[in-house]
Amino acid sequence: MSAFRHVEAVFFDIGGPLYDDGNFVDAVLTTLDELRAERSLPPADRDRFAEIYDETRNRQQGSLRSALAAEFLGDAGQRGLLHTRTGTHWTHPEGTLHSDVLPCLRELHGRVRIGVVANQEAAVVDALRRDGAEPYVDVWAVSGIVGVEKPDPELFAWALQEAGTTARHAVHVGNRLDTDVRPARALGLGTVWVLRGEAPPSPTAAQLAEPDTAVRDLTLLPDLLFRLPAPETVETSEAPETAETPEASEASEAVGDEGGPP
Ligand SMILES: [Mg+2]
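About the cut-offs
Residues numbered from 1 in each chain as written. Predicted model: local features only at pLDDT ≥ 70, side-chain atom pairs only at ≥ 80, totals over all residues. Heavy atoms only, no water. Pairing = 2+ DSSP bridges. Helix = DSSP H or I, 4+ residues; strand = E, 2+ residues; numbered from the N terminus. Axes fitted to C-alpha atoms, helices over the stretch in contact; angles between N-to-C directions. Contact = heavy atoms within 4.5 Å. Donors = N, O, S within 2.8 Å, 3.2 Å for Na, K, Ca; no water. Buried < 20%, exposed > 50% of the residue type's maximum accessible area, 1.4 Å probe, protein only.

A. The sheet that holds strand E5 (residues 190-194), seen in detail. A sheet is described by the order of its strands in space; here six strands give the open sequence E3-E2-E1-E4-E5-E6, paired in parallel fashion. Both edges of this open sheet fall to strand E3 (139-142) and strand E6 (213-215), since each of them pairs with a single strand only. With strand direction ignored, the average angle separating the axes of adjacent strands in the sheet is 20°. Judged from the four bridges that link them, strand E1 (residues 9-12) and strand E2 (residues 113-118) form a sheet pairing that is parallel. The residue bridging valine 10 from the neighbouring strand is isoleucine 114, located in E2. Across the sheet, helix H9 (residues 177-187) touches strand E4 (170-174) and E5, and the angle it forms with E5 is around 165°.

B. Seen up close, the coordination of the magnesium ion. The magnesium ion binds to the protein through Asp13 (OD), Gly15 (O) and Asn175 (OD1); the donor distances cover 2.1 to 2.2 Å. Between consecutive donors of the magnesium ion, the numbers of intervening residues give the motif D-x1-G-x159-N. Highlighted residues: glycine 15 in the loop between E1 and helix H1 (22-38) and asparagine 175 in the loop between E4 and H9, separated in sequence by 160 residues. Of the residues examined, asparagine 175 reaches a relative accessible area of 1% and is grouped as buried.

From the geometry alone we can't say anything about function, so treat these as descriptive.
As structure tokens, then:
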């Protein structure tokens, strides 16, 4: 397992790690039905939607909105319209913040700068305030506020600057490979893949090898970030495995026996 070096900032994707991704599914289905009704078409077939959704999350690349636009609106070029209109229906109702979020944020608070780096509407800030998470967040790299979407490295660079640190000392926590793990890793941030929501239910060994580590939830995240040796020790040691705590071993087991990243 790769070491996280002297972590100064932790950035969270919002859909999946913090809020239930079902909120987005509800919004996009409502929008598809609305757009189809405007074309005198019946509501979108839920089974076909589920097939496309699962296929996209298993692949961890390609645009879900383009696939949905092609299937249900007859034109992938309607992706932009679908995207814009989905934004008007996309909310995070009370009760959809995952129960492990506040305990995790409380444990990280005061030890690192905490940020969100997310493709979300600006209103997500209100939801996080309502749910008690807002006081813990120092950096708000929300696409609806900053005007740049992941995987554009500009959003991560903006967050790093706001956090007053560098990629080397920051970790991104997200549930997608294409918009979270890969762009963060390309910039040199540490990466944690959270396997819920838009993450595949049964990731392949190759997918699990992409992030520094993968977890099923946020319960063990603080331990994973801070359990490792001091930076100078990490850089001269090839054997971080020996530093694993029982908790970290449980986290590795949680993603499957073959799932441990190198
Ligand atoms: Mg997400």
